[in-house]
Amino acid sequence: MGLVMHNQISCVVRLSTFTAVLCACPALMAQQESIIDLRNGMRLGPGITLEIGTLSTDSFQQGDNSGSKSIGVVEDGLRRTYHNIKPQNVLNVQPSDAPRFTQIELPNLDERERVGDAPEVRAILGVTQFSQYGRRIFSFMSPRGQVDVVQGITLLTPKFAKVEVLRAEPDSFVWDQRIAISSIPAEQLKAILHQALDMKQAGSWLQLTAFYLEAERYKEAHDTISEALRLFPTELADRQGLIEMTQQRLATQLFDEIKLRKNAGQYALAGQLTDFPSNSLPIETQVKLQQEVETIKQQVLAITQVNAALQEAVAKLPADDQQLVAAIAQEISDEISFDTAVRFADFQRLRADASIPNENLVSLAIGGWLLGVDAGIQNFAVAKSLIRVRALVREYLSDADQLRRQTLLEQLASEEGAQAPLLAKMLATLKPVKALSPEVEADPPGLHRQSVTTAAGDVVNYLIQLPPEYDPNRKYPCVLALPGTDEPPDIEIQYWCGVSVPTPFGDKRMGEASRFGYIVVAPDWMQSSATRVSVHRGRTRSHFDRVS
């Protein structure tokens, strides 16, 4: 089993106390990297391998690992992965033949602080953007009050930026942070790299292109080599092939992003991303892209057909029955989507069968909508009962009054559609019964500020950030992010979801949780000083790293 510790702890329930920063000395960075295969099928690395005896806080310091060492560490510069080194767990260890990443040292390296222990970090107060020189101000609360330190990027690799405290009285100490290079905005990174390299030399442009390629930032790589060929047409005449290579890699990356967005339920964005030169893709990928496009077209067609056929079937019902099912039919028309169209497989398959009574077809549609795939409800009386059952279930789940709940249970017992198997299916497809609070105009789209009252009578406020194109009829994974001491929940939302940026569909948060289609919940859960967790002395992490 392997346990990955990034610059942050990334798990479904994340305690945002300050975690360890990586301390990698030059001697360690020069060691041979290895790849470790575990018997459970995981592959760790490539990275520098170490052995330690404990996962206590002291394990982040060099030394102090006396006694038995049963824990292996694989360090790739940005994160550490821990695993059991016993033969029962490790299958194979082999040297890595992966090429070394390009490394660019910045002048800040000569100004880094070399002595002094970092104070206890009680809360992060703010972090400025990086300047073109790779510097920023990091403000936090310590036992002696607010501390503002000057940090500078001392090393850039395609995987991470090494950020250290620079000498500046009175607050200076040794502090090494690692930030995923993918978390630095493109324009900031470009300015820093252009300042660090001599851009009057053709070789620097090639070095910059290689850096972007290794970082898988193919758009920047394409723009860089295109500009380099314009500026140095003679010196770089033999590098024309880089244009086509970067175009192919960018197209393949966009294709992968289309699939990711589609799987996250962001169909409009996935469709917008298809507007790129697909002829740059390898032939087999072009075929896959065409299949994806055809699949989406078929889904759009199926939705149109379901809507039209259902409206036609409802119109053939007696007037009283039309009135009973009008609301649910309109709901289906308004809310059917790529994710819910599959619920109407039975209706789609049988609607062309002239031998099936019209009310049975309506029953199949209603049953599929309320119970999910393969509901198979053809009894119209049961279908109408299911409509009433769902209304009773929603009221039961949203009403805390016990007397009213008992009355609702008695009403449910009299309904034909309230059988246990049907109720179980209904609950699996039921939308959230409690309405979200209205969005605040000044907040990014999809952010809701909620509150709940505990059994003790305390009110706990929390934030919910919904992913782009949120559909309440779709199931989403969720991250529960617990802020650290004195941290507002907003900082966790920004950490996981990023800042709001303009898109063709309005302003959206496009951070990793949003990108992968996660709901993020951040409660203001520390109600008193007695419940506040302690933080480890001298340890922190950047709230603006992208989740790996």
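Here strand β14 (residues 447–453) runs beside strand β15 (residues 459–465); their pairing, made up of 7 bridges, is antiparallel. Within β15, the position partnered with Gln450 by the bridge is Tyr462. In sequence, β14 turns back onto β15 through a hairpin of 5 residues, with Gly457 there showing a positive phi of about 95 degrees. Summarising the sheet, β15 and strand β19 (residues 519–523) pair through 4 bridges and their orientation is antiparallel. Opposite Leu463, over in β19, you have Ala522 as the bridge partner.

If you look at soluble globular proteins, the nonpolar side chains tend to sit buried side by side. Counting 41 residues, the largest nonpolar core has Phe344, Phe347, Leu371, Ile377 and Leu386 as the members making the most contacts within it. Considering every element that reaches this core, the biggest residue donor is helix α10 (residues 358–371), with 8 residues. If we ignore the near neighbours within four places in the chain, the residues touching Leu371 are Ile377, Leu386, Leu422, Lys425, Met426 and Thr429. If you look at the next biggest cluster of nonpolar residues, it comprises 32 residues, including Leu106, Leu156, Trp205 and Leu206.

Now for helix α3 (residues 202–214). For α3, built from 13 residues, the straight-helix expectation of 18 Å at 1.5 Å per residue is met to within 8% by its first-to-last C-alpha distance of 19 Å. Three or more residues of α3 are buried, namely Ala202, Ser204, Trp205, Leu206, Leu208, Thr209, Phe211, Tyr212 and Leu213. Contact partners of the buried residues in α3: β8 (104–105), β11 (145–156), α2 (186–196), α4 (218–231) and α5 (241–263). Just past α3, the residue Glu216 takes up positive phi, approximately 60 degrees.

Opposite charge on two side chains permits pairing when their charged atoms draw close. Applying the stated criterion to the full structure yields 27 salt bridges. Its salt-bridge partner being Glu257, residue Arg261 comes within 3.0 Å of it at the nearest N-O pair. Of this pair, Arg261 and Glu257 both sit in helix α5, 4 residues apart, which is roughly one turn of the helix. Per residue, the accessibility class of Arg261 equals that of Glu257, and both read buried. Look at the salt bridges and you will find they share partners, linking Glu257, Arg261, Glu512 and Arg515 into a network.

On to the packing of aromatic side chains, then. By convention here, two paired aromatic rings are described through the distance between centres and the angle between planes. With the rule as written, the count across this model stands at 10 aromatic pairs. Pairwise contacts between aromatic rings join Phe138, Phe140, Phe173 and Trp175 into one cluster. Above the face of the Trp369 ring, Arg343 is positioned so that its terminal group lies 4.9 Å from the ring centre. Geometry around Tyr476 places Arg474 over its ring, the cationic atom sitting 5.4 Å from the centre.

In this section: the packing of α5 against helix α7 (residues 283–315). Orientation of α5 relative to α7, taken along the N-to-C sense of each, is 30 degrees, at an axis distance of 11 Å. The orientation of α5 with respect to α7, classified from their angle, is roughly parallel. Helix-helix and strand crossings are classified by hand; for α5 and α7 the assignment is left-handed. On α7, the residues touching Phe255, Ile258, Lys259 and Lys262 of α5 are Thr285, Lys288, Leu289, Glu292, Ile296 and Gln299.

Attention now moves to the confidence of the model for the protein. Looking at the protein, the pLDDT average stands at 83 and 86% of residues meet or exceed 70. In the model, residues 529–548 has pLDDT below 50 throughout and makes 82 contacts with residues more than four positions away in sequence or in other chains.

Conventions adopted
Residues numbered from 1 in each chain as written. Predicted model: local features only at pLDDT ≥ 70, side-chain atom pairs only at ≥ 80, totals over all residues. Heavy atoms only, no water. Pairing = 2+ DSSP bridges. Helix = DSSP H or I, 4+ residues; strand = E, 2+ residues; numbered from the N terminus. Core = buried A, V, L, I, M, F, W, Y, C linked by side-chain atoms within 4.5 Å. Buried < 20%, exposed > 50% of the residue type's maximum accessible area, 1.4 Å probe, protein only. Contact = heavy atoms within 4.5 Å. Expected span 1.5 Å × (residues − 1). Salt bridge = Lys/Arg side-chain N within 4 Å of Asp/Glu carboxyl O. Phe/Tyr/Trp six-rings, centres within 6.5 Å; stacked < 30°, edge-to-face > 60°. Lys NZ or Arg CZ within 6 Å of the ring centre and 35° of its normal. Axes fitted to C-alpha atoms, helices over the stretch in contact; angles between N-to-C directions. Parallel < 35°, antiparallel > 145°, perpendicular 65-115°, else oblique. Left-handed = near helix turned anticlockwise from the far one by under 90°. pLDDT = per-residue confidence, 0-100.

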